[in-house]
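Observations on the model geometry
Here is what each chain is made of, one letter per residue.
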Amino acid sequence: MKKVTNLLASALVAAAILFGTSAKAQTTPATSPNPNPWRLGFGIEGGIPTGDAHPSSGFELGGSARLQYDVTSSVSLMLTSGYTNFFIKDAYRLPGESKNLGIVPAKLGVKWFFVPSLYVAGEAGAGFETITNGNTKLILSPALGWANRHWDVGVNYTNYSGQSDNFGSVGLRLAYGFGL
């Protein structure tokens, strides 16, 4: 079952990347209608672990791909996936286990530009742990950010919960986007 779930997450990421053939950056100009509302962005993310992960991990680092559809000039729908790595301290590593905890997220979300270039966003989805017998976590992630035609910088909190193990991270995402 775990392999099927991981395969499904991989297929969603591949579909999102292949679907985007004419996206714009991370936001649309509020002054003119957008003839092509699709955008694709690639980002790097870093953060400080919180919750149950705080004692065992010093930081997390990852990359993401985000497919975005601009519903209006101020509201966008998002599909985000990628890979996040929590770097585990030596004292907390289990024998025979990977050095780190990897998570593959698959999230859907909404981005709202309350003034031009400034937004609040919220995403929800599933996170698939890549360790042996890894669990699937519920992901909830609010964000606040700034975006222009190509760049998107956002601060977020990501919460991973499930299987009596709840942790998260406070992070920063820097992304470059373009129209499809």
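For the structure given in this document, a descriptive report is provided here. Predicted model only: the values in this text are computed from it and were never measured.

1. Regarding the overall build of the chain
A tally of helices and strands in the chain yields 1 helix and 8 strands. Listing each helix as α and each strand as β along the chain from the N terminus yields α-β-β-β-β-β-β-β-β. Out of the 180 residues belonging to the chain, those deemed buried represent 42%. As displayed, the chain offers around 9,200 Å² of accessible surface, 69% of which is attributable to carbon and sulfur atoms.

2. Topic: the packing of aromatic side chains
Here the structure, examined in full by the defined rule, presents 9 aromatic pairs. When the ring of Phe-113 is compared with that of Tyr-119, the centres are 5.5 Å apart and the planes differ by 65 degrees; the resulting orientation is edge-to-face. Between Tyr-160 and Phe-167, the ring centres sit 5.2 Å apart and the planes meet at 25 degrees, which makes this aromatic pair stacked. Given the relative accessible area of 4%, Tyr-160 is considered buried. Put simply, the rings of Phe-86, Tyr-160 and Phe-167 touch in pairs and so form one group of aromatic residues. Here the guanidinium or amino end of Lys-111 rests over the ring plane of Tyr-119, the centre of that ring lying 4.5 Å away.

3. Some details on unusual backbone geometry
With phi around 80 degrees, Ser-117 is a residue other than glycine that occupies positive phi space. As for its placement among the helices and strands, Ser-117 is situated in the loop between strand 4 (100-115) and strand 5 (118-129). Since its relative accessible area comes to 25%, Ser-117 is described here as partly exposed. For Gln-163, which is not glycine, the phi dihedral falls at a positive 55 degrees. With respect to the helices and strands, Gln-163 occurs in the loop between strand 7 (151-161) and strand 8 (167-179).

4. Quick word on the pattern of salt bridges
Considering all chains together, one arrives at 6 salt bridges under this definition. One salt-bridge network, held together by shared partners, links Arg-66, Lys-107 and Glu-123.

5. A word on the environment of Trp-38
Residue position: Trp-38 is located in strand 1 (residues 38-51). Along the primary structure Trp-38 and Gln-68 are separated by 30 residues, whereas in three dimensions their C-alpha atoms are 5.8 Å apart.

6. Things to note about the environment of Phe-113
Along the polypeptide, Phe-113 turns up in strand 4. Along the chain, Phe-113 and Leu-144 lie 31 residues apart, while their C-alpha atoms are 9.9 Å from each other.

7. Observations concerning the pairing of strand 8
Both strand 1 and strand 8 contribute to a ladder of 13 bridges, which runs antiparallel. Bridge assignment links Phe-42 to a residue of strand 8, and that residue is Tyr-176. From the end of strand 7 to the start of strand 8, which pair antiparallel, there are 5 residues, and Gly-162 there has a positive phi angle of about 140 degrees.

8. Focus on the side chain of Arg-66
Looking at the secondary structure, you find Arg-66 in strand 2 (residues 57-70). The class for Arg-66 is buried, based on a relative accessible area of 7%. Of note is the side chain of Arg-66, whose polar atom sits 2.9 Å from the side chain of Thr-80.

9. A look at the environment of Val-153
Tracing the backbone through its elements, the reader meets Val-153 in strand 7. A relative accessible area of 30% means that Val-153 is categorised as partly exposed. Along the backbone, Val-153 and Tyr-176 are 23 residues apart, and their C-alpha atoms lie at a distance of 9.0 Å. Ignoring any residue separated from it by four or fewer positions in sequence, one finds Val-153 in contact with Tyr-119, Leu-144, Gly-145, Trp-146, Leu-172, Arg-173 and Leu-174.

Definitions and cut-offs
- Residues numbered from 1 in each chain as written.
- Predicted model: local features only at pLDDT ≥ 70, side-chain atom pairs only at ≥ 80, totals over all residues.
- Heavy atoms only, no water.
- Helix = DSSP H or I, 4+ residues; strand = E, 2+ residues; numbered from the N terminus.
- Buried < 20%, exposed > 50% of the residue type's maximum accessible area, 1.4 Å probe, protein only.
- Areas by Shrake-Rupley, 256 points an atom, 1.4 Å probe, with all protein chains shown as cover.
- Phe/Tyr/Trp six-rings, centres within 6.5 Å; stacked < 30°, edge-to-face > 60°.
- Lys NZ or Arg CZ within 6 Å of the ring centre and 35° of its normal.
- Salt bridge = Lys/Arg side-chain N within 4 Å of Asp/Glu carboxyl O.
- Pairing = 2+ DSSP bridges.
- Polar contact = N/O pair within 3.5 Å; in protein donor to acceptor, adjacent residues only side chain to side chain.
- Contact = heavy atoms within 4.5 Å.

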